[in-house]
Amino acid sequence: MIDKSKSSLSEVLSQIKDGATILIGGFGTAGQPAELIDGLIELGVKGLTIVSNNAGNGDYGLAKLLKAGSVKKVICSFPRQSDSYVFDELYRAGKVELEVVPQGNLACRIQAAGMGLGAVFTPTGFGTLLAEGKETREIDGKDYVLEYPIKADFALIKAYKGDRWGNLVYRKSARNFGPIMAMAADVTIAQVSEVVELGGLDPEHIITPGIFVQHVVQVQPAQ
């Protein structure tokens, strides 16, 4: 019997080791798997490469992981906002590396990894510092930059509901990067508000099929 549901965050997260590359879902705090991140902090792993849209907000979630000294490098499209003081301080002190990737390119490169593509050509970034040292090509009269897929050892994502097979549905904007990140990682861990019985999810509403998910953990969001 296939049963990917787990009751223990620590049990599921214990497979993550120092130096891992991790995709973390979320658009700011929307859809950010904060409870999984808290569990990761408790593990005490170091030297992580984190791929996410943002580089943390306030002292919550991803920012908390940065503050714990767990992160070596951040790959994201939007590292700075009004409450990104944790990242700002670490970056200015030379304690964390940064690779900026335009948001569309970030999504495209993650999706390319999930689809098994070798690389993609994108017009975004051509003629800018982001294209320095990269292959370029003119296709049908338009200039493109070659970008490589972004894949990871793990993906930590947040969904609304899941079943024991790993099928997931999302809630509104919390969906964001979750579906493509689940496809681009060797191991995907999803936190959900509820694990339902098989058949409890409308098949027409399932966004992430269980084939892309290895673990589902039901958590109660922090109040």
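Everything below is about the structure shown above.
How each quantity is defined
Residues numbered from 1 in each chain as written. Predicted model: local features only at pLDDT ≥ 70, side-chain atom pairs only at ≥ 80, totals over all residues. Heavy atoms only, no water. Phe/Tyr/Trp six-rings, centres within 6.5 Å; stacked < 30°, edge-to-face > 60°. Helix = DSSP H or I, 4+ residues; strand = E, 2+ residues; numbered from the N terminus. Buried < 20%, exposed > 50% of the residue type's maximum accessible area, 1.4 Å probe, protein only. Pairing = 2+ DSSP bridges. Axes fitted to C-alpha atoms, helices over the stretch in contact; angles between N-to-C directions. Polar contact = N/O pair within 3.5 Å; in protein donor to acceptor, adjacent residues only side chain to side chain. Contact = heavy atoms within 4.5 Å. Expected span 1.5 Å × (residues − 1). Arc of directions from axis to C-beta. Salt bridge = Lys/Arg side-chain N within 4 Å of Asp/Glu carboxyl O. Right-handed = clockwise from strand over helix to strand, strands pointing away.

### Focus on the packing of aromatic side chains
On inspection of all chains with the given rule, the structure shows 1 aromatic pair. With a centroid separation of 5.6 Å and an interplanar angle of 15°, the aromatic rings of Phe87 and Tyr91 are classed as stacked. You can see Phe87 and its partner Tyr91 sitting in helix H4 (residues 85-92), 4 residues apart, about one turn around the helix. Overall, Phe87 belongs to the buried group, its relative accessible area being 2%.

### Quick look at the sheet that holds strand E8 (residues 142-147)
Ordered in space as E6-E8-E7, the 3 strands form an open sheet in which the pairing is antiparallel. Each edge of the open sheet carries a strand with a single partner, namely strand E6 (120-122) and strand E7 (136-139). Averaged over all pairs of adjacent strands, the angle between strand axes in this sheet comes to 40°, irrespective of strand direction. The sheet contact formed by E6 and E8 spans 3 bridges and is antiparallel. When the bridges of E8 are listed, Val120 appears paired with Glu147.

### A word on the side chain of Gln81
Residue position: Gln81 is located in the loop between strand E4 (71-76) and H4. We classify Gln81 as buried; its relative accessible area is 17%. A polar contact is formed between the side chain of Gln81 and the side chain of Asn54, at a distance of 3.5 Å. Beyond its immediate chain neighbours, meaning those up to four positions away, Gln81 contacts Asn54, Gly56 and Asn57.

### Considering helix H5 (residues 103-115)
Spanning 13 residues, H5 covers 18 Å between terminal C-alpha atoms, matching the ideal 18 Å at 1.5 Å per step. Residues of H5 that are buried include every one of Asn105, Leu106, Arg109, Ile110, Ala112 and Ala113, and no others. What you see down the axis of H5 is that its buried residues fit within an arc of 155°, all on one side.

### Concerning the pattern of salt bridges
Summed over all chains, the structure comprises 10 salt bridges. Of the charged contacts in the structure, one is a salt bridge between Arg80 and Asp88, with a shortest N-O distance of 3.3 Å. Look at Arg80 and you get partly exposed, because its relative accessible area is 48%. With a closest N to O distance of 3.0 Å, Lys134 and Glu147 form a salt bridge. Placement of the pair is Lys134 in the loop between E6 and E7 and Glu147 in strand E8, with a sequence separation of 13 residues. Lys134 gets classed as partly exposed once you look at its relative accessible area, which sits at 32%. By relative accessible area, Glu147 is classed as buried at 6%. When salt bridges with common partners are traced through the structure, they connect Lys73, Glu99, Arg109, Lys134 and Glu147 into a single cluster.

### A look at the pairing of strand E14 (residues 215-218)
The pairing of strand E1 (residues 5-6) with E14 spans 2 bridges and is classified as parallel. When the sheet's bridge partners are listed, Ser5 is paired in E14 with Val216. As paired strands, strand E12 (residues 185-192) and E14 are joined by 4 bridges and run parallel to one another. Note on E14: the bridge partner recorded for Ala190 is Val216.

### Section: the pairing of strand E5 (residues 97-100)
Each regular strand displays side chains that alternate between the two surfaces of the sheet. Note: E4 against E5, 4 bridges, orientation parallel. Paired with Lys73 across the two strands is Glu97, which belongs to E5. After leaving E4, the chain enters H4 and then returns to the sheet as E5, a path that is right-handed.

### Focus on the sheet that holds E5
Overall, parallel pairing links the 8 strands, which are arranged E1-E14-E12-E9-E2-E3-E4-E5 in an open sheet. Each edge of the open sheet carries a strand with a single partner, namely E1 and E5.

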